Amino acid sequence: KLSQRLETVANYIPKGSRLADIGSDHAYLPCHVVKKGLVSFAIAGEVVEGPFQSAKRQVEIEGLNDQITVRKGNGLEVISSGEVDCITIAGMGGALITSILEEGKEKLSSTKRLVLQPNISAVTIRNWLLNNGWVLIAEEILEEDEKIYEIIVAEQGIATSKPREDLQKELLFGPFLLKEKSDIFKKKWLTELNNWQRILDQLSRAADTEETINKKNELIKKIEMAEEVLSH
Ligand code: SAM
């Protein structure tokens, strides 16, 4: 059975998509969606030998060799332009997901949808999407095994411009998640808020250098935003 996290990612893959799952590890996600009949063709990409072998083994065991091809390579290097219309990247940090998208930019022209699940730093991904012609169409937040996960769904397009303050908040918290303000969302940002507060307290005891001052200002900004978001 698929984790709730990957099940939620799968829910955002449009039926009939040609899929690439990058950083697929055991290829559980492509196997699941192909078995369900949601997808008829998928690429499972892996850069590391061990997980690459696990993916190949899993596809073999499930008898899905005709529909899933497992390829070894870095990021979007494993797909050629026009080959897929949906890409999933799950279970990595936001910075790594962003660098995979940035390095493989030219492969994305035929891609209609990205479904991304960063373990941390979703803000980095939202920033990249905004600056590279993608608009968010949905977001999810969920808790599983005492970890909180965010899922970001984007399609090609130009976002409507917004006042700077609103934009900063939406990039950090996620426009859809911010509107919904679920209990899990509040739990996540309350934890973050407490962490930032603790770091700020520590920094306040350190000597002022340009670096610590900048860090403090950045934290104060984020703390203010989180306090505001959590206050109503
Ligand atoms: N996507 C699966 C999931 O969400 O359960 C597996 C997540 S696993 C924690 C991250 C996987 O991404 C690892 O197997 C790792 O080898 C792979 N990975 C990391 N960087 C990669 C890259 N640049 N290109 C392809 N795969 C990568």
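Quantities reported herein were computed from a predicted structural model and do not represent experimental measurements.

Rules and cut-offs
- Every chain begins its residue count from 1, and numbering advances along the sequence as written.
- Where local features are concerned, this predicted model is filtered to residues with pLDDT of at least 70; where side-chain atom pairs are given and counted, the filter is 80 or more; whole-chain, interface and lining totals use all residues.
- Numbered from the N terminus, helices here are DSSP runs of H or I no shorter than four residues, and strands are runs of E no shorter than two.
- Restricting the calculation to C-alpha atoms gives the radius of gyration, and the globule rule supplies 2.2 Å times the number of residues raised to the power 0.38.
- Exposure criterion: with C-beta atoms placed from backbone coordinates, a residue whose C-beta has 20 or more other C-beta atoms within 10 Å is buried, one with 12 or fewer is exposed, and one in between is partly exposed.
- Contact definition: two residues whose C-beta atoms, as placed from backbone geometry, lie within 7 Å.
- Where each domain begins and ends is defined by an automated method or by a domain database.
- Amino acid classes used here: Ala, Val, Leu, Ile, Met, Phe, Trp, Tyr, Cys and Pro are nonpolar; Asp, Glu, Lys and Arg are charged; the rest, including Gly, are polar.

1. Here we look at the overall build of the chain
From N to C terminus, the chain includes 9 helices and 7 strands. Rg of the C-alpha trace for the chain: 19 Å, near the compact-globule value of 17 Å for 232 residues, within the 12% margin. Seen along its three principal axes, the alpha-carbon backbone of the chain occupies a region of about 60 × 35 × 35 Å. The buried share among the 232 residues of the chain stands at 34%. A sequence separation of at least 24 residues applies to 69% of the contacts in the chain between residues at least 6 apart.

2. What to know about the domain arrangement of the chain
By the assigned domains, the chain splits into domain 1 (4-160) and domain 2 (183-231). In this structure, domain 1 and domain 2 have C-alpha centres spaced 31 Å apart. On the side of domain 2, 4 residues touch domain 1, which itself brings 4 residues to the contact. Its residues assigned to classes, the side of domain 1 that touches domain 2 comprises 3 nonpolar, no polar and 1 charged.

3. Digging into the environment of Lys1
Among the secondary structure elements, Lys1 is positioned in the segment before helix 1 (4-11). What makes Lys1 exposed here is the crowd of 7 C-beta atoms within 10 Å. As for Lys1 and His32, which are separated by 31 residues in sequence, their C-alpha atoms are 8.7 Å apart.

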